[in-house]
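# Topology and contacts: notes
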Amino acid sequence: MKLRKACLKDSKDLAELNHALMLSERYDGILPVEELIPRMEEFLKTDYDAFWILSDDEQAGYILIKHAAQPIYIRQMYIKPEHQRKGLGSQTIRMIAEYYHVHTIDVEVMVW
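Given the structure is predicted, the values throughout are model-derived calculations rather than measurements. (Residues numbered from 1 in each chain as written. Predicted model: local features only at pLDDT ≥ 70, side-chain atom pairs only at ≥ 80, totals over all residues. Heavy atoms only, no water.)

What follows deals with a nonpolar patch on the surface. On the surface, a cluster of nonpolar side chains totalling about 340 Å² of accessible area is made up of Leu23, Tyr27, Ile30 and Met110. Mapped onto the secondary structure, Tyr27 falls in the loop between helix H1 (11-24) and helix H2 (33-45). Residue classification places Tyr27 among the partly exposed positions, given a relative accessible area of 38%. (Patch = residues over 30% accessible without salt bridge, like charges linked within 9 Å, V, L, I, M, F, W, Y side chains within 5 Å. Areas by Shrake-Rupley, 256 points an atom, 1.4 Å probe, with all protein chains shown as cover. Salt bridge = Lys/Arg side-chain N within 4 Å of Asp/Glu carboxyl O. Helix = DSSP H or I, 4+ residues; strand = E, 2+ residues; numbered from the N terminus. Buried < 20%, exposed > 50% of the residue type's maximum accessible area, 1.4 Å probe, protein only.)

As a further point, take unusual backbone geometry. Put simply, Gln70 and Pro71 share a cis peptide bond, and its omega is 0 degrees. Mapped onto the fold, Pro71 is located in the loop between strand S3 (58-66) and strand S4 (72-79). A positive phi angle, near 55 degrees, is found at Asp56, a position not held by glycine. Note that Asp56 resides in the loop between strand S2 (48-55) and S3. With phi around 55 degrees, His101 is a residue other than glycine that occupies positive phi space. The residue His101 is located in the loop between helix H3 (88-100) and strand S5 (105-107) in this model.

What follows covers the packing of aromatic side chains. A full pass over the atoms with the stated rule returns 4 aromatic pairs. Judged by centre distance (4.8 Å) and plane angle (80 degrees), the rings of Tyr99 and Tyr100 are edge-to-face. Take Tyr99: its relative accessible area is 44%, and that puts it in the partly exposed class. Overall, the relative accessible area of 17% leaves Tyr100 in the buried class. Connected via pairs of aromatic rings, a cluster forms that spans Phe51, Tyr99 and Tyr100. (Phe/Tyr/Trp six-rings, centres within 6.5 Å; stacked < 30°, edge-to-face > 60°.)

One can find Ser11 in helix H1. Exposure remark for Ser11: the relative accessible area of 1% places this residue in the buried category. If sequence neighbours within four positions are ignored, Ser11 has contacts with Ile37, Met40, Glu41 and Leu44. (Contact = heavy atoms within 4.5 Å.)

Interpretation note: all reported values are geometric properties and have no functional meaning in isolation.
Listed below in structure tokens is the structure:
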């Protein structure tokens, strides 16, 4: 497993996974991918970094980090269903902590 930093040109692919995250979490205000693309672009142009979560060089998911916050903040994290239950989420969080040289990370989780 490894992480690869995403860039602005990845916004559409990130938005598609953000949409999948909204569907899987039964989010109240699910936006279409077309509206999520400029939103993701804005994140990446400001205080956020996105990383692809790779498993055997395949895109298994992504994580969106607000790096300007103290402590850093996980805004979104999604692992595709076929890659879940393999420890990728835990590994991702450990690798993010190492990348940013932090011991504390803020995260919000949906109640359900």
